[in-house]
Amino acid sequence: RLKLICLKSIRCFREVIYGSKVEWLVDGVLANKGIATIYGASGSSKSFLAIDLCMNLALGNAWFEIPVITKIPVVYVALEGFTGVAKRLQGWCQHYKWYPNNLEITKDELLLAENKSVDEFISFYKGREFSGGIVIIDTLNNACPNIDENHAGAMGGVIYNIKRIQKELDCT
């Protein structure tokens, strides 16, 4: 019998394959409590896609006709071009005539390779009782200045801090 061995639990192969049910935020696309990335070439509309996703999650509306399971709070960390993000959000709201009340946008610095910065971010949003939602960081490059995204050692600390945010704020 094949077993998956973890530090805190042991599960048999059959349990892992058949016993784990994924909870979705966007059906079949974005897992609840998961970590995801939108990637592509510069200028390929990644931020537009992220804004459209966060607006539909905040409103509980389908995204590209794919069901959004539930309306959730959203924190959008706009580290690149805050004015541009604000204009895109305004345009989105004017076009669709929908205005979410559970979306927060911040341009405050979040440095994912620095524990103090991540601690302050977590503390601030815990103080605002943010939980069970999604944190979108736009862009990873600006949240990790001077970090080589292709260096496993450097990115290990970044991923650890992303997981800390996810766990401490009970979010995606």
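Residues numbered from 1 in each chain as written. Predicted model: local features only at pLDDT ≥ 70, side-chain atom pairs only at ≥ 80, totals over all residues. Heavy atoms only, no water.

(A) The arrangement of the overall build of the chain in detail. Along the chain, the regular secondary structure elements total 6 helices and 7 strands. Each helix and strand of the chain, placed in order from N terminus to C terminus, yields the pattern β-β-α-β-β-α-β-α-β-α-β-α-α. Of all 172 residues assigned to the chain, the portion counted as buried reaches 34%. For the chain, the proportion of contacts with a sequence separation of at least 24, taken over those separated by at least 6, is 68%. (Helix = DSSP H or I, 4+ residues; strand = E, 2+ residues; numbered from the N terminus. Buried < 20%, exposed > 50% of the residue type's maximum accessible area, 1.4 Å probe, protein only. Contact = heavy atoms within 4.5 Å.)

(B) Molecular detail of the packing of aromatic side chains. Applying the stated criterion across every chain, the model contains 7 aromatic pairs. Arranged with centres 5.0 Å apart and planes meeting at 70°, the rings of Trp-63 and Phe-64 form a pair that is edge-to-face. Classification of Trp-63 by relative accessible area gives buried; the value is 9%. With a centroid separation of 6.1 Å and an interplanar angle of 70°, the aromatic rings of Tyr-125 and Phe-130 are classed as edge-to-face. Comparing Tyr-125 with Phe-130 shows no difference in burial state: the two are buried. Members of the aromatic cluster, joined through ring pairs, are Phe-121, Phe-124, Tyr-125 and Phe-130. Over the ring of Phe-48 we find Arg-88, and its NZ or CZ is 4.4 Å from the ring centre. (Phe/Tyr/Trp six-rings, centres within 6.5 Å; stacked < 30°, edge-to-face > 60°. Lys NZ or Arg CZ within 6 Å of the ring centre and 35° of its normal.)

(C) Highlighting a nonpolar patch on the surface. On the surface, Val-22, Trp-24 and Ile-69 cluster together into a nonpolar patch covering about 260 Å² of accessible area. Classification of Trp-24 by relative accessible area gives partly exposed; the value is 31%. (Patch = residues over 30% accessible without salt bridge, like charges linked within 9 Å, V, L, I, M, F, W, Y side chains within 5 Å. Areas by Shrake-Rupley, 256 points an atom, 1.4 Å probe, with all protein chains shown as cover. Salt bridge = Lys/Arg side-chain N within 4 Å of Asp/Glu carboxyl O.)

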